[in-house]
Amino acid sequence: MMRCVRIFDLAESRPLAEDRFREFLREGIAGGDRLLAFFAEEPSPGRFLLHAVVGGSAPGRFAHGCAEISGQAYSTFTDVCPAAHWFEREVYDQFGIVPEGHPELNPLRFHEGWPKRFFPSRSPEAPEAEPRRGYRFLQVRGEGIHEVSVGPVHAGVIEPGHFRFSCAGETIQHLEIRLGYQHKGTESLLAGKPGYRHLILAESISGDTAVGHSNACARLLEALLGRPADPSAESWRSIALELERIANHVGDLGGLATDIGYLFGAAHFAHLRGQALGLLTTLTGNRYGRGLNRIGGLAPRIPGTAPEPILDRLRRLRVDAEKGGSIMLEAPSVVVRMEGTGCLRLRTATTLGIVGPAGRASGRDVDARRDFPSPCFAEFPPTVILQREGDVLARARERYEEMLESFRWLSLVLPTAGAGGGALSGGSADAPSGRRLVVSVEEGWRGEIVHAAVVDEAGGIAAYKVVDPSFHNWPGLAFAVRENVISDFPLCNKSFNLSYSGADL
Amino acid sequence: MLEAFTGRFRVGNTALGLPPEGLPERYRGAPRLGEEFFSGDAAEIGAMVCPTGAVDAGKRTLDLGRCVFCGYCEEACGGKGIRFTPDPHLPFGTREELVIGRTPHAPAVAAKKLRSLLGRSLHLREVSAGGCNGCDLEAQAAGNPNFDFQRFGIDFVASPRHADGILVTGPVTKNMKEGLVKTYEAVAEPRIVIAIGACAASGGIFRGSHAVEDGVGGTVPVDLYIPGCPPHPLSILYGIVAFFGRYPGRVPAGAAEP
């Protein structure tokens, strides 16, 4: 049994009452679990269920709770599980169900142009919900407080999002992050008969995390259809995942260098990022690793890839990355600029449920490669790297050291990867019948990726939920920039490097 | 400091020569359509597996504006009839030209008026109008030391007021439509619009969702399409440079092979 995937039988379990569900969340969080996913579903017209998946306190530990709620409102669970607050806003957007007592209930994705009664996931047969209310920015009041708004179209070549700063002088008192500009209805496109179209959509959830999302999606579909991939295919999946991690961490170091005007680092790492993406191209035929996975294994071009040339190129890349990284992170002009900037404390990170390198840089000990290991990571566990300070420098060091760990891990695993791993066959397939919930977890380079699918009696996917690590981490950025000057915001933003598309599903 | 200098010196000049040589064999660039596609059953097989409906079995065409370069059609027909090559050269002037068939299209070239005004340098404002960020990353990469499009006078600027045109990625989400129109209108005429990737041409894999406009063309007029999912930085570089007639090497002969 793979520890990164779990199937829950929904036909057996009975939904909890709201207060029991609250207890389930409270006990889970108190016991060291984290909120993996939280979403709503309408199994029959007018009947609404809230699903929560928690886990991670022990390797492979998943727990599922489900509450039956009225189609209009429930009292918020953000009080016992602060990590649920964006999830509740998302449910409000999709179904129009109000979490009463929620601290900042604003639409997450549906801006002013949308009809107020448009709830994409609510069936037309269900009783009509109250119209969605308009967006209200939090207003900071006081002498000399002014607002600065940025976006959605930014000055750089990046995704759209809107930031509203409330400042006293140059100092940020509060930052409100308004996303939704990238909302493409991805999750609604993922319902239906399970098939390879899911994998292609998964690769387009967040362009820089194609491998992470496609691995999570492939394992989910395989568990659902009962066609696991062989160990060699699993090895190549993890290898591609680590190549993706190296490419993005190298790219982020370059991005940080750009933002502080350290041009040697900017040019050096931009070049190395190209080299790392070149390795993914050699393997998969695409710079971002698209087309790696098939249901039940790998794309037919990949089996038989010789590891030696990849190892050779990795060795050269490692020398250049290690040299450039050590020069940059020891340069006094770099250190003084990053140290103490954009500090996110461990307590805040834990309360908000921050995952991935951003969480580990604050000392939060979470890593899905250890907590929900896929077969290859179970066999070759990578070392979890932690920093304590939680500032931009810690996040830069976290990335640098994680990257070195990935090089070490790859040099260990690549020679053992084997040549097998072709998929059984492509196309869509019929899942066995019976109502189930399938959950799949993968540690992408940005943090924990969770895919969850509710399967109906006929074996079709009734609801598909994707949790990109960005969705957990965006609120963390708002806390990290407090008490910093507004001109440090780009640097703080880059040090988190969150996906807009992944959050706006 | 000295170490940084020697490090930089050791890596040296990293810009690729043009025309580039040696993209990996596996890279899925411009597809070639063989005889099996036009007289065999490759078109039917392709149409059956294509996740975005890019292959039209009736008309025997492949719409590169919808193609996400996943390669399923090539695998299903065993490489006979549809074959993806490592060729990154893919600029097209109109939405119709993206639909390739037996007759190859002439390469897209900018109208004379645009060419004389913008031919020597081109400053672009990038607008991400949805999309997954893949195309944005490739647009950014086209300016890095490996691809270095500044050597052709192309660059990204921070404001539409400084720009000669916009480069748009993504299917245009309903939430970004206004932002795109405002940015477009803020660019002084004559201006050009370059649409990058399958999403920008047709909505790509997101086509038909409740939240997208299925491409840039319905919102602002497009002068140049560069298909791909995402297109290689070389496709972007080559596409723009060829459009202005300034490419030192070959010109694309269209995507069909005789």
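Everything in this summary refers to the structure shown in the same document. (Residues numbered from 1 in each chain as written. Chains lettered and ligands numbered in written order. Predicted model: local features only at pLDDT ≥ 70, side-chain atom pairs only at ≥ 80, totals over all residues. Heavy atoms only, no water.)

## A word on empty space enclosed by the protein
All names here are of chain B.
Piece 1. Taken as a whole, this structure holds 9 cavities of 30 Å³ or more when the rule is applied.
Piece 2. In this structure, the largest cavity occupies an estimated 130 Å³ of space.
Piece 3. When residues in the lining of the largest cavity are grouped by element, the largest group, 3 residues, is from helix H6 (residues 134–141). (1 Å grid on protein atoms, 1.4 Å probe; cavity = no way out; pocket = protein on both sides within 12 Å on 5 of 7 lines; lining within 4 Å. Points joined across faces, edges and corners; volume = space filled by probe spheres on them. Helix = DSSP H or I, 4+ residues; strand = E, 2+ residues; numbered from the N terminus.)

## A short note on the sheet that holds strand E3 (residues 61–63) of chain B
All names here are of chain B.
Piece 1. In space, the 3 strands of this open sheet follow the order E2-E3-E5, with antiparallel pairing throughout. Of all strands in the sheet, those with a lone pairing partner are strand E2 (55–56) and strand E5 (99–100), marking the two edges.
Piece 2. Examined bridge by bridge, E2 and E3 share 2 bridges and lie antiparallel to one another. Its bridge partner being in E3, aspartate 56 is matched across the sheet by threonine 61. (Pairing = 2+ DSSP bridges.)

## Some words on the interface of chain A and chain B
Piece 1. Facing the 63 residues of chain A at the interface are 60 residues of chain B.
Piece 2. Joining chain A to chain B, the criterion identifies 2 salt bridges.
Piece 3. Two residues, Arg294(A) and Glu75(B), come together in a salt bridge whose shortest N-O distance is 2.6 Å.
Piece 4. Taken together, the links from chain A to chain B amount to 27 residue pairs in polar contact (both at pLDDT 80 or more).
Piece 5. When contributions to the side of chain A that touches chain B are tallied by element, the ones reaching two or more residues are helix H3 (186–189), helix H4 (196–203), helix H7 (263–284), strand E10 (293–294) and helix H8 (307–330) of chain A.
Piece 6. Counting residues per element, the side of chain A that touches chain B draws most heavily on H7(A), at 11 residues.
Piece 7. The residue makeup of the side of chain A that touches chain B, split by class, is 27 nonpolar, 24 polar and 12 charged. (Contact = heavy atoms within 4.5 Å. Salt bridge = Lys/Arg side-chain N within 4 Å of Asp/Glu carboxyl O. Polar contact = N/O pair within 3.5 Å; in protein donor to acceptor, adjacent residues only side chain to side chain. Nonpolar A, V, L, I, M, F, W, Y, C, P; charged D, E, K, R; others polar.)

## Description of the sheet that holds strand E12 (residues 436–444) of chain A
Residue and element names in this part refer to chain A.
Piece 1. Taken in spatial order, the 4 strands of this open sheet run E1-E12-E13-E14, and their pairing is antiparallel. Edge strands, defined here as strands with exactly one partner in the open sheet, are strand E1 (5–9) and strand E14 (461–467). If you compare each strand with its neighbour and ignore which way they point, the axes differ by 15 degrees on average.
Piece 2. Pairing of E12 with strand E13 (residues 447–455), which is carried by 9 bridges, proceeds in the antiparallel orientation. For serine 440, the partnering residue across the bridge sits in E13 and is histidine 451. (Axes fitted to C-alpha atoms, helices over the stretch in contact; angles between N-to-C directions.)

## Some words on the packing of aromatic side chains
Piece 1. The tally for this structure, following the rule as stated, stands at 24 aromatic pairs over all chains.
Piece 2. Centroid distance Phe110(A) to Phe118(A): 5.6 Å. Interplanar angle 85 degrees. Geometry classified as edge-to-face.
Piece 3. When its relative accessible area of 24% is taken as the criterion, Phe118(A) is described as partly exposed.
Piece 4. Connected via pairs of aromatic rings, a cluster forms that spans Phe21(A), Phe24(A), Phe38(A), Tyr74(A), Phe77(A), Trp86(A), Phe87(A) and Phe471(A).
Piece 5. Taking NZ or CZ as reference, Arg191(B) lies 4.0 Å from the ring centre of Tyr184(B), over its face. (Phe/Tyr/Trp six-rings, centres within 6.5 Å; stacked < 30°, edge-to-face > 60°. Buried < 20%, exposed > 50% of the residue type's maximum accessible area, 1.4 Å probe, protein only. Lys NZ or Arg CZ within 6 Å of the ring centre and 35° of its normal.)

## Here we look at the packing of helix H15 (residues 469–480) of chain A against helix H16 (residues 489–496) of chain A
Residue and element names in this part refer to chain A.
Piece 1. Packing of H15 against H16 leaves a shortest axis separation of 10 Å and a crossing angle of 150 degrees. Overall, the two elements H15 and H16 adopt an arrangement that is roughly antiparallel. As H15 runs across H16, the sense of the crossing is right-handed. Contacts between H15 and H16 involve Asn473, Trp474, Gly476, Leu477 and Ala480 on the former and, on the latter, Phe489, Cys492, Asn493 and Phe496. (Parallel < 35°, antiparallel > 145°, perpendicular 65-115°, else oblique. Left-handed = near helix turned anticlockwise from the far one by under 90°.)

## Description of the environment of Gly56(A)
All names here are of chain A.
Piece 1. Of note, glycine 56 is situated in the loop between strand E3 (47–55) and strand E4 (62–69).
Piece 2. For glycine 56, a relative accessible area of 9% puts it in the buried group.
Piece 3. With 382 residues separating them in the primary sequence, glycine 56 and valine 438 have C-alpha atoms 16 Å apart.
Piece 4. Residue contacts for glycine 56: discarding those within four places in its chain leaves Asp33, Arg34, Arg61, Asp371 and Phe372.

## Focus: the layout of surface pockets
All names here are of chain A.
Piece 1. For the second largest pocket, the calculated volume is near 570 Å³.
Piece 2. Considering the residues around the second largest pocket, the lining is formed by 27 residues, among which Ala40, Phe95, Ser121, Ala462 and Ala463 are closest to the centre.
Piece 3. Those elements that provide at least two residues to the lining of the second largest pocket are strand E2 (34–44), helix H2 (85–95), H3 and E14.
Piece 4. Looking at the lining of the second largest pocket, the element that brings in the most residues is E2, giving 6 residues.

## Observations regarding the nonpolar core
Piece 1. The biggest cluster of nonpolar side chains holds 204 residues, and the ones touching the most others in it are Leu25(A), Leu35(A), Phe38(A), Leu50(A), Tyr262(A), Trp474(A) and Val216(B).
Piece 2. For Leu35(A), the contacting residues outside a window of four places in its chain are Leu25(A), Ile29(A), Ala52(A), Val53(A), Val54(A), Cys81(A), Ala83(A), Ala84(A), Phe87(A) and His472(A).
Piece 3. Ranked by size, the runner-up nonpolar core spans 28 residues in total, among them Phe147(B), Ile192(B), Val241(B) and Phe244(B). (Core = buried A, V, L, I, M, F, W, Y, C linked by side-chain atoms within 4.5 Å.)

## Here we look at the packing of helix H6 (residues 231–259) of chain A against H7(A)
All names here are of chain A.
Piece 1. As a packed pair, H6 and H7 sit with axes 7 Å apart at the nearest point and diverge in direction by 165 degrees. If you check the angle between H6 and H7, you find them roughly antiparallel. Here H6 and H7 pass one another in a crossing that is left-handed.
Piece 2. Of the residues contributing to the contact of H6 with H7, the split by class is 16 nonpolar, 5 polar and 2 charged.

## Here we look at the pattern of salt bridges
Residue and element names in this part refer to chain A.
Piece 1. Per the stated rule, a full pass over the model turns up 44 salt bridges over all chains.
Piece 2. Ionic pairing is found between glutamate 147 and arginine 164, a salt bridge with its closest N-O pair at 3.2 Å. Placement of the pair is glutamate 147 in strand E7 (residues 145–150) and arginine 164 in strand E8 (residues 162–168), with a sequence separation of 17 residues.
Piece 3. Judged by relative accessible area, glutamate 147 falls into the partly exposed class, the value being 37%.
Piece 4. Note that arginine 360 is salt-bridged to glutamate 398, the shortest N-O span being 3.5 Å. Within this pair, whereas arginine 360 is found in helix H11 (residues 356–360), its partner glutamate 398 is found in helix H14 (residues 392–413), the two being separated by 38 residues in sequence.
Piece 5. The structure contains a network of salt bridges with shared partners spanning Glu242, Arg245, Arg360, Asp367, Arg369, Glu398, Glu402 and Glu443.

## What to know about the side chain of Asp504(A)
All names here are of chain A.
Piece 1. Here aspartate 504 is to be found in the segment after helix H17 (500–503).
Piece 2. Buried and without a salt bridge, aspartate 504 has arginine 109 as its closest oppositely charged side chain, separated by 4.8 Å.
Piece 3. Side-chain polar atoms of aspartate 504 contact the backbone nitrogen of glutamine 182, separated by 3.0 Å.
Piece 4. Once you skip the residues sitting within four places of it in the chain, aspartate 504 turns out to touch Arg109, Leu179, Gly180, Tyr181, Gln182, His183 and Lys184. (Lys, Arg positive; Asp, Glu negative; His and termini not counted.)

## Remarks on the side chain of Arg178(A)
Residue and element names in this part refer to chain A.
Piece 1. Take arginine 178: it is sitting in strand E9 (residues 171–178).
Piece 2. A polar side-chain atom of arginine 178 sits 3.4 Å from a polar atom in the side chain of glutamate 112.
Piece 3. Dropping the residues within four chain positions of it, arginine 178 is found in contact with His111, Glu112, Tyr135, Phe137, Gly161 and His162.

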